[in-house]
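# Report on the structure
Spelled out, the chains give:
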Amino acid sequence: MNQFIFGFLLLIFLALPPVAYLLESIMIVHMHMQMPLLVIAGFLMAIFFQNKFPQFFENWNHNGIPGILLFSIIMIYWMIPRAMDDALTFQTVELFKYISLPFLAGVPLRDSWQKISSKMKNAVIMIFTMIFFAMGWLYIKWPEQLCNNYLIIEQVTLGWGFLTMGVCMTIYLVYNGLVDPTAYERE
Amino acid sequence: MIQKRQTGFAFLLVLLFGFSLFYVGTDGFKAYTAETARVYNLLEEKPALPEVILEDSNGREYPISEFEGNYLFITFMYTACVDECPLLEMNMGRVYDQIPSEYIGEDILFLSISFDPEQDDPPTLDHYKNHFQADGETWRMARINDQTELNSLLKTYGVTVIPDGEGDFAHNSAFYLVDEQGRLKDIMDYTDVDSAANRVNDVLANEEEE
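Just so you know, these numbers come straight off a predicted model, no measurement behind them.

### A word on the overall build of chain A
A count of helical and extended segments in chain A gives 9 helices and 0 strands. The linear arrangement of helices and strands in chain A, starting from the amino end, is α-α-α-α-α-α-α-α-α. Here the C-alpha atoms of chain A give a radius of gyration of 18 Å, agreeing with the 16 Å that 2.2 N^0.38 yields for 187 residues. The principal-axis extents of the C-alpha atoms in chain A amount to approximately 55 × 40 × 30 Å. A burial count over chain A gives 36% of its 187 residues as buried. Summarising the internal contacts of chain A: among those between residues at least 6 apart in sequence, 79% fall at separations of at least 24.

### Overview of the overall build of chain B
Across its full length, chain B carries 6 helices and 9 strands. Over its C-alpha atoms chain B spans a radius of gyration of 21 Å, topping by over 25% the 17 Å that the globule rule assigns to 210 residues. Expressed as a percentage of the 210 residues in chain B, the buried residues total 33%. When contacts within chain B are restricted to residue pairs at least 6 apart in sequence, those whose partners lie at least 24 apart make up 66%.

### Structural notes on the sheet that holds strand E5 (residues 139-144) of chain B
Residues and elements named next belong to chain B. Spatially, 7 strands are ordered E2-E1-E5-E4-E3-E8-E9 in an open sheet, and the strand pairing comes out mixed. The two strands at the open ends of the sheet, each matched to only one other strand, are strand E2 (61-63) and strand E9 (184-188). Sheet twist, expressed as the average angle between the axes of neighbouring strands with direction ignored, equals 30 degrees. On the sheet, helix H3 (residues 84-98) packs against strand E3 (71-77), strand E4 (108-114), E5 and strand E8 (175-178) and is oriented at approximately 160 degrees with respect to E3. Contacts from helix H4 (residues 122-131) reach strand E1 (53-56), E4 and E5 within the one sheet, and its direction differs from that of E5 by about 150 degrees.

### Focus: the domain arrangement of chain B
Reports of interface size often rely on the accessible area that becomes lost once the parts have come together. Residue and element names in this part refer to chain B. The domain boundaries assigned to chain B delineate domain 1 (2-42) and domain 2 (48-209). On a C-alpha basis, the centres of domain 1 and domain 2 stand 38 Å from each other. Each side of the interface is counted separately: domain 1 has 4 residues, and domain 2 has 5 residues. In terms of residue class, the side of domain 1 that touches domain 2 is made up of 2 nonpolar, no polar and 2 charged.

### Regarding the interface of chain B and chain A
Tallying the contact residues gives 22 residues for chain B and 23 residues for chain A. Of all the secondary-structure elements, those providing two or more residues to the side of chain B that touches chain A are helix H1 (2-25) and helix H2 (34-45) of chain B. For the side of chain B that touches chain A, the leading source of residues is H1(B), giving 11 residues. Looking at the side of chain B that touches chain A residue by residue, the classes come out as 11 nonpolar, 9 polar and 2 charged.

### A closer look at the nonpolar core
All names here are of chain B. Counting 44 residues, the largest nonpolar core has Phe73, Val95 and Phe175 as the members making the most contacts within it. A per-element tally of this core places E3 first, with 6 residues. Other than its neighbours up to four places away in sequence, Val95 contacts Phe73, Phe175, Val193, Ala196, Ala197 and Val200.

### Considering the pairing of E9(B)
Residue and element names in this part refer to chain B. Bridge analysis of E8 against E9 gives 4 bridges, and the strand direction is antiparallel. Following the sheet pairing, Phe175 is matched in E9 by Met188. Count of turn residues in the E8/E9 antiparallel hairpin: 5 residues, of which Gly182 carries a positive phi of about 80 degrees.

### Side note on the packing of helix H3 (residues 27-52) of chain A against helix H7 (residues 91-113) of chain A
Residue and element names in this part refer to chain A. Contact geometry for H3 and H7: axes closest at 6 Å, N-to-C directions at 55 degrees. What the angle tells us is that H3 and H7 run oblique. When the axes of H3 and H7 are compared, the crossing they make is right-handed. Residues Met35, Leu38, Val39, Ile40, Ala41, Gly42, Phe43, Met45, Ala46, Phe49 and Gln50 of H3 form the contact with H7, whose own contacting residues are Tyr98, Leu101, Pro102, Phe103, Ala105, Gly106, Val107, Leu109, Arg110 and Asp111. Of the residues contributing to the contact of H3 with H7, the split by class is 16 nonpolar, 3 polar and 2 charged.

### Some remarks on unusual backbone geometry
Residues and elements named next belong to chain B. Positive phi is not limited to glycine here, since Lys46 has a value of about 50 degrees. Counting through the fold element by element, Lys46 comes out in the loop between H2 and E1. Here the phi dihedral of Gln133 falls at roughly 55 degrees; this positive angle occurs in a residue that is not glycine. Among the structural elements, Gln133 can be located in the loop between H4 and E5.

### Looking at the environment of Ala134(B)
All names here are of chain B. Of note, Ala134 is situated in the loop between H4 and E5. Taking C-alpha positions, Ala134 is 9.3 Å from Tyr96, a pair spaced 38 residues apart along the chain. Ignoring sequence-local partners within four residues, the contact set of Ala134 consists of Lys129, Trp139 and Met141.

Cut-off values and rules
- For every chain, the first residue of the written sequence is number 1, and numbering continues from 1 onward in sequence order.
- Going through the entries in the order they are written, you letter the chains from A and number the ligands from 1.
- Totals for whole chains, interfaces and linings use all residues, but because this is a predicted model, local features are given only for residues with pLDDT of at least 70 and pairs of side-chain atoms are given and counted only at 80 or more.
- Put simply, DSSP marks the helices as runs of H or I at least four residues long and the strands as runs of E at least two long, and each gets a number from the N terminus on.
- For a compact globule the rule gives 2.2 Å times the number of residues to the power 0.38, and the radius of gyration it is set against comes from C-alpha atoms.
- Buried residues are those with 20 or more other C-beta atoms within 10 Å of their own C-beta, exposed residues have 12 or fewer, and partly exposed residues lie in between; C-beta atoms are placed from the backbone.
- It is the C-beta atoms, placed from the backbone, that decide contacts: two residues are in contact if theirs lie within 7 Å.
- DSSP bridges decide pairing: two strands pair if at least two such bridges lie between them.
- The axes are straight lines fitted to the C-alpha atoms, using for helices just the contacting stretch, and the angles between their N-to-C directions are given from 0 to 180°.
- Where each domain begins and ends is defined by an automated method or by a domain database.
- Classification convention: Asp, Glu, Lys, Arg as charged; Ala, Val, Leu, Ile, Met, Phe, Trp, Tyr, Cys, Pro as nonpolar; all other residues, Gly among them, as polar.
- Structurally, a nonpolar core is described as a collection of buried Ala, Val, Leu, Ile, Met, Phe, Trp, Tyr and Cys residues joined by way of C-beta atoms within 7 Å.
- Each angle gets one of four labels, with under 35 degrees taken as roughly parallel, over 145 as roughly antiparallel, 65 to 115 as roughly perpendicular, and the rest as oblique.
- Note on convention: the crossing is left-handed when the near helix lies turned anticlockwise from the far helix by less than a right angle, right-handed when the turn is clockwise.

Right, here's the structure in full:
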């Protein structure tokens, strides 16, 4: 229950106009800090919904696949350059951001992550790694402004942010593939 | 078994939702950046020019509606710009050169509008226009002194201008073609001079036939 309150407070905090304005004024912070924090807020709040409607998750997200798909769709949608611009231009899109990232990405991620197999987990991370490298390359190499609200230099910074995250996830995948944790456990 | 079926159903539902989300969010998979969306929507809308007062490089002041009855070929720039605008204006000059001379000044006028009225006074504009061999008559450079009018024009055409606080601006660039009634006719890629010139010539030739 504590987690729900933390998540809820985090969501409220992020929705405060000065906080939202500050985070959205810098492109990389908008995408790589505000948006993940919104997902985390949902992730923390998920426990409440899981306790309240266990049957719903059990029936509709039995194997975790619909949830992880929903999570991926929402995440990828918010990587479209236009989505970020639209969030700054249209109030409704901004509202959709504050609803979709916590409740349609954070909540299903938590419910699905414990249900899907480790192979599936790795596949999801691999897909996002590839997407991050592609987005990084796109944001760095694109000669024009992709977002009308942000300067090209911010776009390049965001691109490097994507690449850095991609590298981190690759390291994790390699580590995961090479190291067998049970070998280090005491009998 | 029921769970399996419901989960399968949920999977399809999520797919459908994702498809709709991307469809709506990109205007039917057409516009992935706000810039393409802007152009796409403007061409649907064909907005009319708002009423603005221009002050040109000769210091003359007149409303933009004075050009009604002529096509207008418009760009938005500022003279202190070092990267994009010189290219934009140079390419504008190359389009100008490709329009048959009988149309120039008769059916179509070229107009470069500065969004930096503080710096771009008539002498500055006059100096700038000479760089591009603009004659100041059939190709004019002008500023809009009233900030509200300027903003409304920029907003109508979806020109986003972000001042960097040091006298420079980040902005989007394009060629705008306005018809004789003062309504937006087309938005063209300013880096593709030949296509833009062909388009303008087509429009002007069609006009003559009618």
